[in-house]
Amino acid sequence: MDKLIQTIVRAIEDKKGRNIVSLDLSGFDGAITSCFVVCNADSTTQVAAIAAGVEERVLEELGEKPWRVEGQQNALWIAVDYVDVVVHVFQTETRDFYRLEELWADAPVTRYAYEE
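These numbers were taken from a predicted model, which means no experiment stands behind them.

To continue, consider the packing of aromatic side chains. This model, assessed by the stated rule, comprises five aromatic pairs. Centre to centre, the rings of phenylalanine 28 and tryptophan 104 are 5.5 Å apart; their planes meet at 80°, and the pair counts as edge-to-face. Of the two residues, phenylalanine 28 sits in the loop between strand 1 (18-24) and strand 2 (35-41) while tryptophan 104 sits in the loop between helix 4 (100-103) and strand 6 (109-111), which places them 76 residues apart along the sequence. Judged by centre distance (4.9 Å) and plane angle (50°), the ring pair of tryptophan 77 and tyrosine 98 falls under tilted. Of the two residues, tryptophan 77 is situated in strand 4 (residues 77-81) and tyrosine 98 in helix 3 (residues 92-98); the sequence distance between them amounts to 21 residues.

This part takes up the environment of aspartate 106. Mapped onto the fold, aspartate 106 is located in the loop between helix 4 and strand 6. For aspartate 106, a relative accessible area of 69% corresponds to the exposed category. With 22 residues separating them along the chain, aspartate 106 and aspartate 84 place their C-alpha atoms 19 Å apart.

Scoring rules and cut-offs
- Residues numbered from 1 in each chain as written.
- Predicted model: local features only at pLDDT ≥ 70, side-chain atom pairs only at ≥ 80, totals over all residues.
- Heavy atoms only, no water.
- Phe/Tyr/Trp six-rings, centres within 6.5 Å; stacked < 30°, edge-to-face > 60°.
- Helix = DSSP H or I, 4+ residues; strand = E, 2+ residues; numbered from the N terminus.
- Buried < 20%, exposed > 50% of the residue type's maximum accessible area, 1.4 Å probe, protein only.

As structure tokens, this is what we get:
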């Protein structure tokens, strides 16, 4: 799973995704996945590009396809589901509105540096 997370983070960084964090949900009973990777971008075009970049990189490097992808129609929030890891790519305002990290505030968080 660590290799999958690192591959996802690199793909997000390549497309200039911002505020990248991973939340370890493995210690929560009833959590739908073991990990969330969350990031944001300022435009729907960039949100779609990040999600597509994640799919491409993971397929190229690890040979894995997502189980499911949701939100591509409006690209305000795209979820790419790899079963053990779910990637959430938000448009910045949508991330601010839903505050997904606050719902899992007790989860261990890893923040990834992003250089402008």
